[in-house]
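# Coordinate inspection notes
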Amino acid sequence: MKIFYVLATILLLVSCGQSTDSNSKNGSSSNGSGSVDSSRNNPKSEPVQQYEEKVANDLNNWFFRVKLYETSKRFTYRVSLQHEELTGEDEINFPNLGMDPQPVIKKGTAQYECIIGFTDQQGAFREYKKVHVVDGNLKITTLKSYAVTAKPE
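Residues numbered from 1 in each chain as written. Predicted model: local features only at pLDDT ≥ 70, side-chain atom pairs only at ≥ 80, totals over all residues. Heavy atoms only, no water.

Right, let's talk about the sheet that holds strand β8 (residues 113-119) for a bit. The four strands lie next to each other as β7-β8-β9-β10, forming an open sheet whose pairing is antiparallel. Strands at the two margins of the open sheet, each flanked by one partner only, are β7 (103-107) and β10 (137-142). The average undirected angle you get between the axes of adjacent strands in this sheet is 25°. For strand β9 (residues 125-134) and β10, the ladder comprises six bridges, and the chain directions are antiparallel. (Pairing = 2+ DSSP bridges. Helix = DSSP H or I, 4+ residues; strand = E, 2+ residues; numbered from the N terminus. Axes fitted to C-alpha atoms, helices over the stretch in contact; angles between N-to-C directions.)

Spelled out as structure tokens, the structure:
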């Protein structure tokens, strides 16, 4: 009788883990404008975007640097940060617009500041995050949030 309960539990766990939605099976997500696989098989090891600004210092060769790297998750990018000798890393998740993300880094309005964003389907730049230095510390601030919804049928 114990074996029956163990087999029933295993069968229940296996059947609950399966999805009938075809998009869930292959890791794709759809937003009405197409479907893109949410995983990336061969992420690039070199940065896909970067911004660099020389720090005004006569004694040291310091920089303010921001680099974006692909990860195995298509819409997630690793952000490498540097200001003088201070370094850090974080992740940024771009919205699924039904196409490969097109991340962009632009110079900000202040010194040691840049804007991380993306290009939408119409080719317009969309601001997303600001990387800047506050009291000698690196900071990432969310400028705008984005949500993707399906078109009504």
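The discussion continues.
Take empty space enclosed by the protein next. Counted by the stated rule, this structure contains one cavity of 30 Å³ or more. In this model, the largest cavity occupies a volume close to 40 Å³. Of the residues assigned to the lining of the largest cavity, the class counts are six nonpolar, two polar and one charged. (1 Å grid on protein atoms, 1.4 Å probe; cavity = no way out; pocket = protein on both sides within 12 Å on 5 of 7 lines; lining within 4 Å. Points joined across faces, edges and corners; volume = space filled by probe spheres on them. Nonpolar A, V, L, I, M, F, W, Y, C, P; charged D, E, K, R; others polar.)

Per-residue confidence for the protein chain gives a mean pLDDT of 83; residues scoring 70 or more make up 77%. Across residues 4-33, confidence stays below pLDDT 50; counting only partners more than four residues off in sequence or on other chains, it has 27 contacts. (pLDDT = per-residue confidence, 0-100. Contact = heavy atoms within 4.5 Å.)

Once that is clear, we can look at the pattern of salt bridges. In this structure the tally under the stated criterion is seven salt bridges. Residue Arg74 is joined to Asp100 by a salt bridge in which the shortest nitrogen-to-oxygen separation is 2.7 Å. Linking Arg74 in the loop between β4 (63-70) and β5 (76-83) with Asp100 in the loop between β6 (86-93) and β7, this pair joins segments that are 26 residues apart in sequence. (Salt bridge = Lys/Arg side-chain N within 4 Å of Asp/Glu carboxyl O.)

The strand order across the open sheet formed by four strands is β3-β4-β5-β6, and the pairing between neighbours is antiparallel. Edge positions in the open sheet fall to β3 (49-54) and β6, since each of these has one partner strand only. If you compare each strand with its neighbour and ignore which way they point, the axes differ by 15° on average. The sheet contact formed by β5 and β6 spans eight bridges and is antiparallel. Across the sheet, His83 pairs through a bridge with Leu86, a residue of β6.

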